[in-house]
Every structure is written in C-alpha cells, then in structure tokens.
Amino acid sequence: MKLTFWGTRGSIPSPGKGREYYGGNTTCVEIRPDSGTQIIIDAGTGIRELGNDMLKNKSVAQDSYLLFTHFHWDHIQGLPFFVPAYISGNNFKVMGVEKDREKLKEIISNQMKVPYFPVTLDTMQNQLSFLELFPDGTEIGDTRINYIKTNHPQDTLAFRFEKNGRIITFMTDCELNSGAKDARPLEFFAEFCKDSDFLIVDAQFTQDELPNRFGWGHSSNMDALRLAELSCSKNLILFHHDPAHNDEFIDRMVRDVISAANEKKLDINCFAARDYESIST
Ligand SMILES: [Zn+2]
Ligand SMILES: [Zn+2]
C-alpha cells in the first residue's frame, strides 16, 4: 500500500514562515492499495493538492473511495476545490456509516450553498455516489476497512486498513486520555489499533499543553506513544498538528517521543506526518 499525506494540520490551515517542512494544509490522506484503487480520507485543504496531482500525473484511479472521519471544517473545507470531482466520467464513492449515509450528501453540500460558495454540490453529483460502510468491516478489493468511534465533540471515526497482513490505522481527532465519564478508554483504542504497521494518531498537543484543553477531543504526543506501545505498533506517525506549532516545535515533539520510547526500550519508529510525503508500506 502506498500512503501519502496531503494535509496534516488540524483546526485551520496554517501556512507561513517556519512551517515549510511540515506544511499548513488541513487533513487529507491518500492510500493506494494497488494502482487501480484509491482511498481518500477526509477533504481538508490538502485534497486540493491531491486533485491537482491526480490531473497532472493522469493518476485518477479506476476505483476511488472517499471516507470522512467527521465533518469539522478542517476535514471538509477542501472538497469544493477538488477538481477531479467536477470532471465528467470520474467517480468517487463517498462511504458513510448507515445512520449517516442518508445525511452524508446533505452535510457535504451545506458548505457549497449560497452565500458560502458560488457552485453547489449538484455540479459534482454525476461524479459522486454514496455507499455504506459496514460496522463489521467493508471489503474494497482485497483491502478490508474497519472503523470505530473516537472521543471527540461530534461523532468521529477512526479507520483500520488491512491488506495481505499489512495494517495502516488512522485515528485523528481523538482524546485518547479523556477524563469524561462516558469516554472510551485507551485500551479500547489499543485493541482496534493492534499490530499496526503504521499508526497515524492525533498528537496535536504536548503533555504540558493538554491540561487546558481537556474536552477538546485531541491528544498529546505522549498519549500517542502510549497507544503505539499498548497496541504493539511498529511505526508511530504524529498527526493533526496544532496551527500554533511551527516546524521547530513539531521536531521537538518528535524528539521527546523518541527519547521516551528509548527510555522505555520500545521498538517503535516515531516521526511526524508532513504534507506531500509518501510512504511505501
Ligand atoms: Zn480536526
Ligand atoms: Zn474535529
């Protein structure tokens, strides 16, 4: 599977000086299990770059799927600028959970209504179809997709992708260590992420920043490491970077995770996701 990060920032796009390395686009991740299949997760501003790349390299896949973790702005705001979805003959299968499937079209069309945007979702409608994501797993070719709900202010999904024994788990916008009474525990998430080859996790804050941000639905870099440890994952990728953090700050967050992992003698490779980076899994 080929994994590409097109947008790795949380909350709001944050380009600018000192952010050239990790980038400023909001969430969009692409997985290509094989050359004919494409899975796009979220449509933050990074999806605009993905669309441009697909046109430039003539890499529109035969079979394309679009999954949404949830519908906060930073996960949908790029969709109106995703050019391949306007081109006749292309097809993107938008996958939603049963309860939300009917609502899915309405939710993503709301941001393209007057006076928010000059072109409505109808302009894309021949290129979009809406399919169901099943609670006990959905097969796309020989890739299996499972999901669970995270700890976040609105219903948010985390996804696990498995192909030929290789596992990528994507868990952003999740407060792993929430103190809320009805919150899902860390162990629950660890079970879902078990044995991930690549574990992409919300690590928006440092441990010091977290106390003032309980209930916001995000985690620290150290929470992410604890999840990687409990789930016996091999590669930990820090994700959903805070708009206030520049490259230097994110580098420090990575270094802190690496030294904590070394101290505990954990065999986990840790790094932070950056816009435009591709990884062969
Ligand atoms: Zn977010
Ligand atoms: Zn969110």
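These numbers were taken from a predicted model, which means no experiment stands behind them.

(A) Spotlight on the sheet that holds strand E10 (residues 166-171). The 7 strands are arranged E7-E8-E9-E10-E11-E12-E13 in an open sheet whose pairing can be described as mixed. Of all strands in the sheet, those bounded by a partner on one side alone are strand E7 (138-140) and strand E13 (269-272). Neighbouring strand axes in the sheet, compared pairwise and without regard to direction, differ in orientation by 20° on average. Note: E10 against strand E11 (residues 198-202), 4 bridges, orientation parallel. Its bridge partner being in E11, Phe 170 is matched across the sheet by Ile 200. The strands touched by helix H3 (residues 186-193) are strand E8 (143-149), strand E9 (157-163), E10 and E11; relative to E10, the strand with the most contacts, the crossing angle is about 145°.

(B) Representation of the sheet that holds strand E3 (residues 37-41) within the structure. The 7 strands lie next to each other as E6-E5-E4-E3-E2-E1-E14, forming an open sheet whose pairing is mixed. What marks the edges here is a single partner per strand, and that holds for strand E6 (128-133) and strand E14 (278-280). Neighbour to neighbour, the strand axes of the sheet diverge by 25° on average, direction disregarded. Across 4 bridges, the pairing between strand E4 (residues 63-67) and strand E5 (residues 92-97) is parallel. Following the sheet pairing, Leu 66 is matched in E5 by Val 94. Sheet contacts for helix H1 (residues 46-56): strand E1 (2-7), strand E2 (28-34) and E3; angle to E1, the most-contacted strand, approximately 125°.

(C) Spatial organisation of the nonpolar core. Ranked by size, the top nonpolar core spans 63 residues in total, and within it Ile 200, Val 201, Leu 236, Ile 237 and Leu 238 carry the most contacts. Here Ile 237 is in contact with Phe 198, Leu 199, Ile 200, Phe 271, Ala 272 and Ala 273, once residues within four sequence places are set aside.

(D) Structural context of H1. Along H1, the positions that sit buried rather than exposed are Gly 46, Ile 47, Arg 48, Glu 49, Leu 50, Gly 51 and Met 54. Here the buried face of H1 lies against E1, E2 and E3. Positive phi shows up at Lys 58, right after H1, with a value of about 45°.

(E) Region of interest: the packing of H3 against helix H4 (residues 221-230). Contact pair H3 / H4: the axes reach a minimum separation of 8 Å and the direction vectors enclose 55°. Classified by the angle their axes make, H3 and H4 are oblique. In the packing of H3 onto H4, the handedness of the crossing is right-handed. Of the residues in H4, those touching H3 at Leu 186, Glu 187, Phe 189, Ala 190 and Cys 193 are Arg 226, Leu 227 and Leu 230. Across the contact of H3 with H4, the residue classes tally to 6 nonpolar, no polar and 2 charged.

(F) Here's a closer look at the environment of Arg 48. Among the secondary structure elements, Arg 48 is positioned in helix H1. A tally of 21 C-beta atoms within 10 Å means that Arg 48 is categorised as buried. When the C-alpha atoms of Arg 48 and Pro 84 are compared, they prove to be 9.4 Å apart, with 36 residues separating the residues in sequence. Beyond its immediate stretch of four places on either side in the chain, Arg 48 contacts Gly 78, Phe 81 and Phe 82.

(G) Spatial organisation of the pairing of strand E12 (residues 235-239). In terms of burial, E12 is largely enclosed, as 4 of its 5 residues are buried. Here E11 pairs with E12 via 5 bridges, running parallel. The partner of Asp 202 across the bridge, within E12, is Phe 239. With H4 bridging E11 and its parallel neighbour E12, the resulting β-α-β unit is right-handed. As paired elements, E12 and E13 share 4 bridges and run parallel to each other. Counterpart to Leu 238 in the pairing with E13 is Ala 272. Crossover handedness for the path E12 to helix H5 (residues 247-263) to E13: right-handed.

Cut-offs used in this document
Along each chain, residues carry numbers from 1 onward, in the same order as the chain's sequence is written. A letter from A marks each chain and a number from 1 marks each ligand, given out in the order of writing. Local features are withheld for residues below a pLDDT of 70 in this predicted model, meaning they are given only at 70 or higher, and side-chain atom pairs are given and counted only at 80 or more; totals for whole chains, interfaces and linings count all residues. Here, strands pair whenever DSSP counts at least two bridges between them. Only DSSP runs of H or I with at least four residues qualify as helices, and only runs of E with at least two residues qualify as strands; both kinds are numbered from the N terminus onward. An axis is simply a line fitted to the C-alpha atoms; with a helix, the fit covers only the stretch in contact. Between two such axes, the angle follows the N-to-C directions and lies from 0 to 180 degrees. By the convention adopted here, residues make contact when the C-beta atoms placed from their backbones lie within 7 Å. When buried Ala, Val, Leu, Ile, Met, Phe, Trp, Tyr and Cys residues are joined through C-beta atoms within 7 Å, the set is termed a nonpolar core. Burial in this document is a count-based property: other C-beta atoms within 10 Å of a residue's C-beta are tallied, and the residue is buried at 20 or more, exposed at 12 or fewer, or partly exposed in between, with C-beta positions derived from the backbone. Under this scheme an angle from 65 to 115 degrees is roughly perpendicular, one under 35 degrees roughly parallel, and one over 145 degrees roughly antiparallel; angles in between are oblique. What makes a crossing left-handed is the near helix being turned counterclockwise from the far one by less than a right angle; a clockwise turn instead makes it right-handed. Basically, the charged four are Asp, Glu, Lys and Arg, the nonpolar ten are Ala, Val, Leu, Ile, Met, Phe, Trp, Tyr, Cys and Pro, and anything else, Gly included, counts as polar. With its strands directed away from the observer, a crossover is right-handed exactly when the path from the first strand over the helix to the second travels clockwise.

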